[in-house]
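Each chain, written out:
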Amino acid sequence: MDVVTNIFVGLHIIGIASLLGGFLTQMKAMSAGTARFVPAMLHGALTMLVTGIVLVGLNQAQDHPLNNIKLGIKMAVLVVILALVYVKRDEETVDKAVFGAVGGLTVANIFIAVLWT
């Protein structure tokens, strides 16, 4: 079961990399006011959502203690990210504030995962 959990942790990290990488590649465009949400960002957020839910289930199946408050906050932040990216995905340009919010929330979600023990 640990192998399956580790595979999903790896997939979760790939989702984070896709979301954050898509944001970082658009940083120069953001300063010019032409940033847009690339498909990698949507796919990364969806990957994070699915793998995160699976990881919670796998950990519960193994009777590992879970911090439900932390998981709830991470899920809420991810749902906000996913909603913003999904709604604005077809627009040619995205407002700097919205685009920056997605990047900031993504980084915040990473730090919640890593620092909240």
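The shown structure was predicted, so the numbers you read here are calculated from the model rather than taken from an experiment.

### What about the overall build of the protein chain?
Part 1: Looking only at helices and strands, the protein chain features five helices and zero strands.
Part 2: Start at the N end of the protein chain and walk to the C end: the helices and strands fall as α-α-α-α-α.
Part 3: A compact globule built from 117 residues would reach a C-alpha radius of gyration of about 13 Å, and the protein chain, at 15 Å, matches this within 12%.
Part 4: With respect to the principal axes defined by its C-alpha atoms, the protein chain has extents near 50 × 25 × 20 Å.
Part 5: Taking all 117 residues of the protein chain together, 33% fall into the buried category.

### Considerations on the packing of aromatic side chains
Part 1: Overall, the coordinates contain two aromatic pairs when judged by the stated rule.
Part 2: Between Phe23 and Phe99, the aromatic rings sit 5.0 Å apart at their centres with planes inclined by 20°, giving stacked as the arrangement. Placement of Phe23 in helix H1 (residues 2-25) and of Phe99 in helix H5 (residues 96-115) is noted, with a sequence separation of 76 residues between them.
Part 3: By relative accessible area, Phe23 is classed as buried at 10%.
Part 4: On the numbers, 5.3 Å between centres and 25° between planes, the contact of Phe37 with Phe99 is stacked. Remark: Phe99 occurs in helix H5 and Phe37 occurs in the loop between helix H2 (27-32) and helix H3 (39-61); sequence separation between them is 62 residues. The same class applies to Phe37 and to Phe99, which are both buried.

### With respect to H3
Part 1: Counted at 1.5 Å a residue, the expected span for H3 with its 23 residues is 33 Å, and the 33 Å between its end C-alpha atoms agrees.
Part 2: Here H3 has its buried residues at Met41, Leu42, Gly44, Ala45, Met48, Leu49, Thr51, Gly52, Leu55, Leu58 and Asn59.
Part 3: Looking at the buried residues of H3, the elements they touch are H1, helix H4 (68-88) and H5.
Part 4: At the exit of H3 stands Asp63, carrying a positive phi of roughly 60°.

### Observations concerning the packing of H1 against H5
Part 1: At a minimum axis distance of 10 Å, the contact between H1 and H5 shows a crossing angle of 145°. Crossing hand, H1 versus H5: left-handed. For the pair H1 and H5, contact is made by Ile16, Leu19, Leu20 and Phe23 and by Phe99, Gly100, Gly103, Thr106, Val107 and Ile110, respectively.
Part 2: Taken together, the residues that form the contact of H1 with H5 break down as seven nonpolar, three polar and no charged.

### Structural notes on H1
Part 1: Given a rise of 1.5 Å per residue, 24 residues ought to cover 34 Å, and the 34 Å separating the end C-alpha atoms of H1 matches this to within 8%.
Part 2: Turning to H1, the residues buried within the fold contact H2, H3, H4 and H5.

### Re the pattern of salt bridges
Part 1: Under the definition given, this model contains one salt bridge.
Part 2: In this structure, Glu91 engages Lys88 in a salt bridge whose closest nitrogen and oxygen atoms are separated by 3.7 Å.
Part 3: Taking the relative accessible area as the measure of exposure, Glu91 reaches 33% and is therefore partly exposed.

The rules behind the values
Residues numbered from 1 in each chain as written. Predicted model: local features only at pLDDT ≥ 70, side-chain atom pairs only at ≥ 80, totals over all residues. Heavy atoms only, no water. Helix = DSSP H or I, 4+ residues; strand = E, 2+ residues; numbered from the N terminus. Rg over C-alpha atoms; globule rule 2.2 N^0.38 Å. Buried < 20%, exposed > 50% of the residue type's maximum accessible area, 1.4 Å probe, protein only. Phe/Tyr/Trp six-rings, centres within 6.5 Å; stacked < 30°, edge-to-face > 60°. Expected span 1.5 Å × (residues − 1). Contact = heavy atoms within 4.5 Å. Axes fitted to C-alpha atoms, helices over the stretch in contact; angles between N-to-C directions. Left-handed = near helix turned anticlockwise from the far one by under 90°. Nonpolar A, V, L, I, M, F, W, Y, C, P; charged D, E, K, R; others polar. Salt bridge = Lys/Arg side-chain N within 4 Å of Asp/Glu carboxyl O.

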